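Residue-level structural notes
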Amino acid sequence: MAAPFDDPQDPALLERRLESRTVYQGHFLQVRRDTVALPDGRHAGREYIVHPGAVVIVPILNDGRLVLERQYRYPVGRVMIEFPAGKLDAGEPPQRCAERELREETGYRAREWARAGLLHNAIAYSDEGIEIWFARGLEAGSAELDEGEFVQVFTATEAELAGWVRDGLVTDAKTLIGLLWLQQWRRGEWDLSWQPAAGEAHPR
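This text gives an overview of the structure that appears in the document. (Residues numbered from 1 in each chain as written. Predicted model: local features only at pLDDT ≥ 70, side-chain atom pairs only at ≥ 80, totals over all residues. Heavy atoms only, no water.)

When helices and strands are tallied, the chain shows 3 helices and 11 strands. With 204 residues in all, the chain has 40% of them scored as buried. Carbon and sulfur atoms make up 51% of the accessible area of the chain, which amounts to about 12,200 Å² in all. In the chain, 24 side chains carry a positive charge and 33 a negative one; their mean positions are 1 Å apart. (Helix = DSSP H or I, 4+ residues; strand = E, 2+ residues; numbered from the N terminus. Buried < 20%, exposed > 50% of the residue type's maximum accessible area, 1.4 Å probe, protein only. Areas by Shrake-Rupley, 256 points an atom, 1.4 Å probe, with all protein chains shown as cover. Lys, Arg positive; Asp, Glu negative; His and termini not counted. Charge placed at Lys NZ, Arg CZ, Asp CG, Glu CD.)

What follows is the structure, encoded as structure tokens:
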């Protein structure tokens, strides 16, 4: 079913870029300041972060438990519970990125993968899009964390994760959306199309 007023380029709301400049270029993030024309003809400023894109993985063990991580996130100053995730390298297909990030962060490899969808987690100030991938047929291995990366990997049930969300212990947006997809899929409401791993090293 189509959403009401689902035109993403609705001229009644569209803002047109007039000028754009980079005000900060970091290791992988870029901050831009644009001048736009509003629908009524007036001008306004827009400051936003340009992001290369990312993936989040919902890894499902054979017994139904989920693979999760604990990691300190400096901007919010706390340890967060999250599904595994990571940014896309330049030109990297999203599924290969998902396979790589799962292996590097957790050590797990998966026989089957399914793309669930796309989420935009900070639309007011970033163009970041995160692809949601599911992984099953997991086989444990050794993690390959980057230098300076500290991650604790653990497992939990869907009910445990949902309880932590309810209690405010899990607030990470991509993990909440991953849980939503998982719940809807397990109820038979939303479909997933599974396919073999695309990478070079998956269990047989």
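Resuming the write-up.
With their axes 11 Å apart at the nearest point, helix α2 (residues 158-166) and helix α3 (residues 173-186) run at an angle of 135° to one another. By the criterion of interaxial angle, the relationship of α2 to α3 is oblique. Between α2 and α3 lies a crossing of left-handed hand. On α3, the residues that touch Glu 158, Leu 161, Ala 162 and Val 165 of α2 are Thr 175, Leu 176, Leu 179, Leu 182, Gln 183 and Arg 186. In the contact of α2 with α3, the residues fall into 6 nonpolar, 2 polar and 2 charged. (Axes fitted to C-alpha atoms, helices over the stretch in contact; angles between N-to-C directions. Parallel < 35°, antiparallel > 145°, perpendicular 65-115°, else oblique. Left-handed = near helix turned anticlockwise from the far one by under 90°. Contact = heavy atoms within 4.5 Å. Nonpolar A, V, L, I, M, F, W, Y, C, P; charged D, E, K, R; others polar.)

Here we come to the environment of Thr 35. For Thr 35, the position within the fold is in strand β2 (residues 30-37). Its relative accessible area of 26% is what places Thr 35 among the partly exposed residues. Here Thr 35 is in contact with Arg 16, Arg 17, Leu 18, Glu 19, His 43 and Ala 44, once residues within four sequence places are set aside.

Most of strand β4 (residues 54-60) is tucked away: 7 of the 7 residues are buried. Residues Ala 54, Val 56, Val 58 and Ile 60 of β4 are buried on one face, and the alternating residues Val 55, Ile 57 and Pro 59, pointing to the opposite face, are buried as well. Two elements, β4 and strand β7 (residues 85-87), share 3 bridges in a ladder whose sense is antiparallel. The partner of Ala 54 across the bridge, within β7, is Lys 87. Relative to strand β9 (residues 130-139), β4 runs parallel, the two sharing 7 bridges. Residue Pro 59 lies in a different strand from β9, and its bridge partner there is Ala 135. (Pairing = 2+ DSSP bridges.)

One can find Arg 103 in helix α1 (residues 94-106). Overall, the relative accessible area of 15% leaves Arg 103 in the buried class. In this structure the side chain of Arg 103 is engaged in a polar contact, spanning 2.8 Å, whose partner is the side chain of Glu 144. (Polar contact = N/O pair within 3.5 Å; in protein donor to acceptor, adjacent residues only side chain to side chain.)

Before going further, it helps to examine the pattern of salt bridges. Following the criterion strictly, the structure yields 18 salt bridges and no others. Between Glu 131 and Arg 115 there is a salt bridge whose closest N-O contact spans 3.0 Å. You can see Glu 131 sitting in strand β9 and its partner Arg 115 sitting in strand β8 (residues 109-119), a full 16 residues away along the chain. For Arg 186, the salt bridge goes to Glu 158, with nearest N and O atoms at 2.7 Å. One end of the pair, Arg 186, is in helix α3; the other, Glu 158, is in helix α2, and 28 residues separate them in sequence. When its relative accessible area of 21% is taken as the criterion, Glu 158 is described as partly exposed. (Salt bridge = Lys/Arg side-chain N within 4 Å of Asp/Glu carboxyl O.)

Next up on the list: the sheet that holds β2. On the basis of which strands lie adjacent, the open sheet formed by 3 strands has the order β1-β2-β3 and antiparallel pairing. In this open sheet, the two strands that pair with only one neighbour each are β1 (16-25) and β3 (43-50). If you compare each strand with its neighbour and ignore which way they point, the axes differ by 20° on average. For β2 and β3, the ladder comprises 8 bridges, and the chain directions are antiparallel. Residue pairing in the sheet places Val 36 in a bridge with Ala 44 of β3.

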